[in-house]
Amino acid sequence: MAADLGPRAMFVAGGTDLYPKLKRRQFEVDALIGLDFLPRTLRNGSDVCVIGAGLTLSAASGDVDITERFPGYARAAGLVSSPPLRNAGTIGGNLCVDTRCNYYDMTYEWRKAAGFCLKKDGDICLVAPSSPRCWAVSSSDTAPVAIALDGSVTVAGPDGERELPVSALYRDDGIEYMAKQPAEVVTELRLRAVPGTRSAYVKLRRRGSIDFPIAGAAAVARLDGGVVTSCRIVLSAVASHPLEVPAAGEFLKGRRLEPEAIQEAAELAAKPAKPLDNADLSHFWRKRMVRVVVERALQDLSDQGGGLGG
Amino acid sequence: MARNAGVAEVRVVGKPLPKVDAVAKVTGRAVYADDMLPARTLHCRILRSPHPHARILSIDTSAARRIPGVLAVITGADLPIKFGILPVTQDERALEHEKVRYVGDPIAAVAATDEEIAASACDAIAVEYEVLEPVMSIDAALVAPKDERIQDYGGPNNIHKLVSLEFGDVDGGFAQAQHVREDVFFYQGNTHLPMEQHSAVATFVDGRVTLWSSTQVVHYVHRALSKVLELPIHRIRVIGAAHGGGFGGKTDPFAHEIIVCKLAMLTGRPVKCTLTREEVFYAHRGRHPVLMWVRTGVTDDGRITAMHFRTALDGGAYGSYGVASTFYTGALQPVTYDIPAYRFEGCRVFTNKPPCGPKRGHGTPQPRFALELHLEKIAHELGLDPVELKRRNFVKPNTRTVNWLRVTSCGLEECTQKVIEASGYRTRERRPGRGVGFAISSYLSGAGTAIYWNDMPHSEVQIKVDRGGVTAYCGAMDIGQGSDSVLATIVAEELGLQPAEVRLVTADTDTTPIDLGSYSSRVTFMAGNAALEAARKMRALLVEAVEARGRKFDDVSFEEASVLAEARFGTLTTAGSYTPPKIAGPYKGSGVGPSPAYSYSACVVDLDADARTGLVTVNRIWIAHDVGRAINPLLVEGQVEGSVYMGLGEALMEEQVFRKGLHKWPSMLEYKSPTFLDMPEVETFIVETVDPEGPYGAKEAGQGPLLPVPPALCAAVYDALGVWIDEIPVTPEKVIEALRRKDKGEPARYGPQRFPSIPYPAPIKVEPPPKHGRFAHQEVTY
Amino acid sequence: MKSEVLRDVERVVLTLDVNGERRELLVPVHKTLLEVLRENMQLTGTKHGCELGECGTCTVLVEGKPHLSCLVLPIQIVGRAITTIEGMANGSELHPLQAAFAELGAAQCGYCSPGILLSARSLLEENPRPTRDEIREALAGNLCRCTGYTKILDAVELASSPSMGRWRATPEWPK
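Small disclaimer: the values here were computed from a predicted structure and weren't measured. (Residues numbered from 1 in each chain as written. Chains lettered and ligands numbered in written order. Predicted model: local features only at pLDDT ≥ 70, side-chain atom pairs only at ≥ 80, totals over all residues.)

Draft legend 1. Highlighting the overall build of chain B. If you tally the helices and strands in chain B, you get 19 helices and 32 strands. A globule of 782 residues ought to have a C-alpha radius of gyration of about 28 Å, and chain B, at 26 Å, matches this closely. The C-alpha extent of chain B, read off along each of the three principal axes, is 80 × 75 × 50 Å. Going through the 782 residues of chain B one by one, you find that 65% of them count as buried. In chain B, the share of contacts with a sequence separation of at least 24, taken over all contacts with a separation of at least 6, comes to 80%. (Helix = DSSP H or I, 4+ residues; strand = E, 2+ residues; numbered from the N terminus. Rg over C-alpha atoms; globule rule 2.2 N^0.38 Å. Buried ≥ 20, exposed ≤ 12 C-beta atoms within 10 Å, placed from the backbone. Contact = placed C-beta atoms within 7 Å.)

Draft legend 2. Representation of the interface of chain C and chain B within the structure. With 43 residues of chain C at the contact, the number on the chain B side is 45 residues. Looking at the side of chain C that touches chain B, the elements with two or more residues in it are α2 (96-104), α3 (113-126) and α5 (150-160) of chain C.

Draft legend 3. Seen up close, the sheet that holds strand β3 (residues 54-60) of chain B. All names here are of chain B. Within the open sheet, the 3 strands sit side by side as β5-β3-β7. Their pairing is antiparallel. The outermost strands of the open sheet, each flanked by one partner alone, are β5 (99-100) and β7 (126-131). Where β3 and β7 come together, 6 bridges link them in antiparallel fashion. Opposite Ile59, over in β7, you have Val127 as the bridge partner. (Pairing = 2+ DSSP bridges.)

Draft legend 4. Region of the structure containing the sheet that holds strand β14 (residues 290-298) of chain B. All names here are of chain B. Taken together, 7 strands build an open sheet; the order of strands is β30-β9-β14-β15-β16-β8-β32 and the sheet is mixed. Either end of the sheet is taken by a strand with one partner, and the two such strands are β30 (727-728) and β32 (764-766). Pairing analysis gives 9 bridges linking β14 to strand β15 (residues 304-314), with the strands arranged antiparallel. Paired with Trp293 across the two strands is Arg310, which belongs to β15. Contacts from helix α9 (residues 322-331) reach β8 (159-167), β14, β15 and β16 (342-349), with the element oriented near 150° to β16. (Axes fitted to C-alpha atoms, helices over the stretch in contact; angles between N-to-C directions.)

Draft legend 5. A look at the packing of α2(C) against α3(C). All names here are of chain C. Where α2 contacts α3, the axes come no closer than 10 Å and their chain directions differ by 130°. Taken as axis vectors, α2 and α3 run oblique relative to one another. Where α2 crosses over α3, the two elements pack in a sense that is right-handed. Residue-level inspection shows Leu97, Gln98 and Phe101 of α2 in contact with α3, the latter providing Ser113, Leu117, Ala120, Arg121 and Leu124. (Parallel < 35°, antiparallel > 145°, perpendicular 65-115°, else oblique. Left-handed = near helix turned anticlockwise from the far one by under 90°.)

Draft legend 6. The interface of chain A and chain B, seen in detail. Counting residues at the interface gives 19 residues for chain A and 22 residues for chain B. Every element with two or more residues in the side of chain A that touches chain B is listed here: α8 (108-114) and α12 (283-303) of chain A. Looking at the side of chain A that touches chain B, the element that brings in the most residues is α8(A), giving 5 residues.

Draft legend 7. Main features of the environment of C:Leu118. All names here are of chain C. Tracing the sequence through the fold places Leu118 in helix α3. Judged by the 30 C-beta atoms lying within 10 Å of it, Leu118 falls in the buried class. Note: C-alpha distance between Leu118 and Ala102 (16 residues apart in sequence) is 15 Å. Once residues lying within four places of it in the same chain are set aside, the contact partners of Leu118 are Thr59, Val60, Leu61, Pro66, Thr83, Ile85 and Met88.

Draft legend 8. Region of interest: helix α18 (residues 709-721) of chain B. Residues and elements named next belong to chain B. Compared with an ideal rise of 1.5 Å per residue, which puts 13 residues at 18 Å, α18 spans 18 Å between its outermost C-alpha atoms and is within 8% of the ideal. A large share of α18 lies buried, amounting to 13 of its 13 residues. Two residues or fewer after α18 comes Gly722, characterised by a positive phi angle close to 75°. (Expected span 1.5 Å × (residues − 1).)

Draft legend 9. Highlighting unusual backbone geometry. Cis geometry is found at the peptide bond from B:Gly155 to B:Pro156, where omega equals 0°. With an omega of 5°, the peptide bond between B:Ile728 and B:Pro729 qualifies as cis. Along the chain, B:Pro729 falls in the loop between β30 and α19 (732-743). Positive phi, normally seen in glycine, also occurs at A:Ser81, with a value near 40°. Relative to the elements of secondary structure, A:Ser81 occurs in the loop between α5 (71-79) and α6 (83-88). With a phi close to 65°, A:Ala237 is a non-glycine residue in the positive phi region. You can see A:Ala237 is positioned in the loop between β10 (227-236) and β11 (243-244). Residue class for A:Ala237 comes out buried when judged on the 30 C-beta atoms lying within 10 Å of it.

Draft legend 10. Focus on helix α11 (residues 365-382) of chain B. Here α11(B) spans 26 Å end to end across 18 residues, near enough to the 26 Å set by a 1.5 Å rise per residue. Just beyond α11(B), the residue with positive phi is B:Gly383, at close to 75°.

Draft legend 11. Fine view of the pairing of strand β9 (residues 215-224) of chain A. Residues and elements named next belong to chain A. In terms of burial, β9 is a largely internal element, 8 of the 10 residues being buried. Looking at chain direction, strand β8 (residues 197-204) and β9 are connected through 8 bridges and run antiparallel. When the bridges of β9 are listed, Ser199 appears paired with Val220. Pairing between β9 and β10: 9 bridges, direction antiparallel. Counterpart to Val220 in the pairing with β10 is Arg232.

Draft legend 12. Structural view of the nonpolar core. In terms of nonpolar packing, the biggest core is built from 420 residues, with B:Cys44, B:Val260, B:Val491, B:Ala531 and B:Val717 touching the most fellow members. In contact with B:Val717, not counting residues within four places along its chain, are B:Gly435, B:Ala609, B:Val616, B:Val723, B:Ile725, B:Val730 and B:Val735. (Core = buried A, V, L, I, M, F, W, Y, C linked by C-beta atoms within 7 Å.)

Draft legend 13. Expanded view of the environment of B:Val31. With respect to the helices and strands, B:Val31 occurs in the loop between α1 (22-26) and β2 (42-48). Sequence separation between B:Val31 and B:Ile440 is 409 residues, and the spatial gap between their C-alpha atoms is 38 Å.

Draft legend 14. Spotlight on the pairing of strand β1 (residues 9-12) of chain A. Residues and elements named next belong to chain A. With 4 bridges connecting them, β1 and strand β2 (residues 31-34) associate as parallel partners. Bridge pairing links Phe11 to Ile33 in β2. In this fold, β1 hands off to helix α2 (residues 18-23), which returns the chain to β2; that crossover is right-handed. (Right-handed = clockwise from strand over helix to strand, strands pointing away.)

Draft legend 15. Region of the structure containing the confidence of the model for chain B. Residues and elements named next belong to chain B. Here chain B shows a mean pLDDT of 96. Residues at 70 or above account for 97%. Segment residues 1-7 is flagged for pLDDT under 50; beyond a separation of four residues in sequence, or across chains, it makes 9 contacts in the model. The model gives residues 772-782 a pLDDT under 50, and that stretch makes 21 contacts with residues more than four places away or in other chains. On the interface metric, ipTM, the complex scores 0.96, and its pTM is 0.96. (pLDDT = per-residue confidence, 0-100.)

See the structure below:
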């Protein structure tokens with residue numbers, strides 16, 4: 001149906017991202033396609049957990065199994081915006097949440113006064129006017145953790161269903177930030193439960209609630225006898241896509257999560273982060289904080305004694 | 001929670017009773033302006049300027065008028081008469097048709113059958129502009145404009161107002177000082193952010209306009225409507241709807257209030273306008289950004305010998321309360337500290353931003369911030385305990401300040417003692433990153449002069465008793481602070497009733513006698529005194545009638561007493577009024593600052609500051625407030641806690657900032673208002689000094705306790721990290737930058753480097769009042 | 001439930017279950033629940049502060065859980081139980097939370113109160129004896145500018161205490 005309706009149709013799940021943007025005329029649509037048919041189920045297999053994309057963020061963050069097996073994911077879901085919003089917002093919606101920019105997430109009247117930007121109605125990026133691309137920021141809290149957990153999604157579209165890694169859902173562009181086709185819908189998230197896996201998410205924002213991340217770090221590590229056998233670190237809100245920092249993960253392989261190693265890994269992780277002046281607080285400070293959130297996420301991993309054989 | 005014991009025999013005064021409108025509010029039955037929808041109501045939307053500064057060349061509304069459902073479109077040509085809250089700055093139009101001065105300045109308005117149609121019609125209005133260079137900072141306003149000045153009065157350049165006053169021998173005072181210190185501070189602008197968006201509904205029936213509005217000042221709106229609509233006052237009725245939060249933000253007459261009246265007159269139908277949240281940011285009238293320079297001379301033991309205080313206020317595009325705000329940045333420094341010689345130079349400039357005005361504390365939190373931190377620094381320099389240094393300079397009760405302000409009751413000492421003891425300030429545990437800071441403040445219990453010069457009372461109350469029922473009538477507007485409850489409590493106290501038994505009619509210019517409005521913390525003191533007078537007169541009638549029957553008032557029911565009195569005297573009505581004493585000093589500008597009484601506060605903030613991130617976490621706040629007498633301690637605590645909250649928001653995160661001529665983030669997401677998770681526990685102490693002139697000794701509660709929070713927080717940051725943040729809000733990046741400078745051996749501070757050169761006139765020299773003489777009655781001007 | 005909302009379809013007939021009453025309504029399909037409650041059903045107890053999901057003022061309960069009515073299209077919740085502030089009291093008897101808010105001065109201007117009361121009610125139904133921090137977490141999506149939150153926390157604690165957990169006609173006026 002989405003394919004038939006074309007670009008003037010959009011999917012809506014919880015509506016918490018879409019409706020404000022419709023009101024601000026950031027999206028103009030003729031049709032909305034409700035995704036209430038999406039599964040809200042949670043299937044906890046022994047080696048994989050399948051989460052229906054329609055499950056609300058509050059249900060996901062409050063689920064005992066998810067919290068035990070994927071504490072970083074549960075934490076990320078529980079840190080999205082505010083409690084009433086999490087009762088409507090879905091886990092699929094948060095994976096697909098639009099990129100943000102404080103030149104873009106404004107009312108039509110404001111954007112008209114400021115001059116429209118590349119992402120909507122204009123032809124330059126107001127953050128980086130000399131750049132040919134849009135630098136809106138990926139602001140999903142859950143996507144970085146899902147990527148770090150080697151998660152995959154099922155997308156359904158006119159050509160049937162396919163499964164792809166969560167990391168393959170995104171592109172490094174503020175406008176075309178999703179790699180899926182517009183007529184495709186994320187229907188399921190699959191998180192693999194590998195023994196010895198620990199996961200953590202640290203979110204930085206000005207207030208204790210409501211705010212989007214202005215820097216965030218997801219860290220997932222598998223440990224064997226206290227030694228890291230694999231580690232993925234993915235940053236939120238520092239680029240137009242969830243930004244994986246493989247060098248940091250690689251560095252930790254074969255090491256213990258001890259203060260020096262954590263600091264060095266965090267240093268490596270912070271390097272590729274390039275926050276720009278389009279979110280709350282200064283981008284210099286946000287850049288500086290990347291190291292801190294990574295360190296705290298790794299410290300959290302280190303502190304997790306339990307988990308799945310960890 | 002600690003409360004002083006009551007001093008006189010009272011029954012309901014001093015009791016923590018629920019508000020008289022509590023049930024309406026918790027059940028959703030209070031009717032706010034936007035909740036009203038009279039039959040056939042039209043919806044109004046306003047077209048606003050997209051440019052910070054531009055001349056309007058033409059406005060074409062023809063396409064908008066053709067849209068089905070549009071009933072009227074108006075522009076500035078329909079409402080050309082200028083208005084403004086202060087008589088000296090009548091510089092606003094409801095709709096501008098000549099020139100726009102900030103992004104959001106209203107240009108045209110549409111009344112349509114539906115809000116979306118009205119919005120589409122606004123989109124269809126074509127406006128041609130000649131864009132002018134915007135002026136966006138104090139520095140830019142002080143130099144010659146590239147294109148033209150924002151307003152055609154004031155000057156030089158974009159200066160709006162210059163003030164220069166000198167009390168006593170300032171040079172002599174500095175000559176006596178053993179230490180002299182200078183500092184520069186900046187207090188960023190911020191906005192009220194009431195939860196309720198401004199809303200107004202007007203009808204036009206029988207040639208009379210009725211307006212229901214979310215306003216703090218029904219009377220001043222009434223006056224402005226009469227002027228702009230060119231209708232006599234008797235053809236206009238203004239009613240204050242249930243109020244969803246003011247904090248000073250609804251204290252001006254606003255364009256949308258005038259517009260809905262005009263549209264109702266043109267269409268003959270009710271018209272409603274509710275501002276969007278973005279428009280609320282443009283309506284603003286919030287805290288002025290103020291740059292401050294202060295120089296103080298002290299003796300070795302920390303006694304102040306002289307002070308010189310300079311302020312520069314970024315006023316935005318219009319006058320609003322700005323002249324008063326400018327004076328307020330210099331007025332209250334001597335009300336807490338005994339300053340023997342004092343020079344104040346103030347300057348307000350116009351910039352192409354939404355106009356600033358009165359926000360909770362009106363013009364005084366900024367200098368309070370500077371003054372408290374400045375004294376803190378002096379204490380550190382002299383090796384004195386800051387609390388001790390401040391105490392040595394505290395004003396004493398029943399004195400007059402060097403700038404002629406009359407201080408009566410003053411609980412500074414007791415407030416200080418409460419918070420210092422409760423917080424364990426002197427015995428606190430030292431650990432890295434933990435800091436504790438202390439500050440004090442004072443605020444008015446109502447401005448001693450009205451906004452327009454007159455000799456009439458500031459508040460009037462009528463009481464009617466019949467067949468056992470009591471109704472009190474007063475123009476006072478309850479904006480949530482509980483002024484209705486205060487009136488009911490006072491009437492109930494005098495008549496032997498419970499507050500819930502007193503019916504109230506308030507804030508309606510047709511049916512209630514005047515009250516000037518809910519601003520300057522004036523209602524408890526002024527309307528309270530008026531209510532007290534009216535109630536005592538009523539009680540006297542009841543007592544006389546009961547005693548005429550040979551019985552005692554206390555032995556008969558109220559119903560019986562009222563029947564006896566009505567039978568004896570006929571219609572039972574009494575009235576009371578309150579006119580503040582004429583206590584202003586003998587100089588031009590003395591009208592800003594006098595108040596019949598001053599409240600006092602002291603505050604301690606305990607926090608952790610992270611040297612790595614610059615993030616500040618407030619652990620706990622102790623606040624003591626000298627309220628004179630708590631008419632209702634529950635409401636006083638609520639006002640104090642709310643003030644602390646707002647002060648903390650200003651200190652840590654709230655700021656109204658601009659980028660490329662635009663408000664950077666006119667939204668509730670990006671303008672950071674602290675959430676439940678950002679607010680620490682607050683321990684409140686009510687100090688009762690029983691003011692000689694307040695009703696039952698009461699003074700203000702709703703504004704003063706905001707003031708000490710930002711400086712106490714910055715003092716605590718210094719205590720924690722050894723860096724001064726001389727500019728609020730204290731964002732983490734400022735803390736990090738200050739620490740970086742400290743590490744490099746530069747001055748360990750973040751804040752403005754310099755105060756600009758401002759062409760202040762030669763000061764008006766004023767003799768200080770004789771130390772213990774009688775107060776001369778003076779006429780007031782400003 | 002229909003999964004398709006077309007802009008050309010100007011109005012839809014739908015039945016909403018609000019405060020236990022089922023009402024059939026003809027509404028523009030794009031109007032939010034907030035607008036429909038206030039404008040079509042005259043349930044003006046639900047307030048609004050931003051209409052963009054940023055302040056929590058318009059919170060209502062959908063199947064007992066807080067939702068932002070400014071971000072809900074009625075067509076999405078047909079058949080689900082909606083509770084607004086008007087449905088919180090039992091006739092003229094106040095819910096214990098309402099009584100506690102009144103008695104402790106937790107409502108100043110009262111504008112955020114409906115949303116906060118409903119969020120608090122949802123909390124107490126799940127967790128009858130929350131800690132102060134749990135109350136903070138649960139109410140963290142609701143902004144208030146008047147109270148500094150202190151009296152609200154006190155009131156929710158009072159309402160959750162065994163001594164207070166009862167319905168009452170009016171707040172008790174001490175004599």
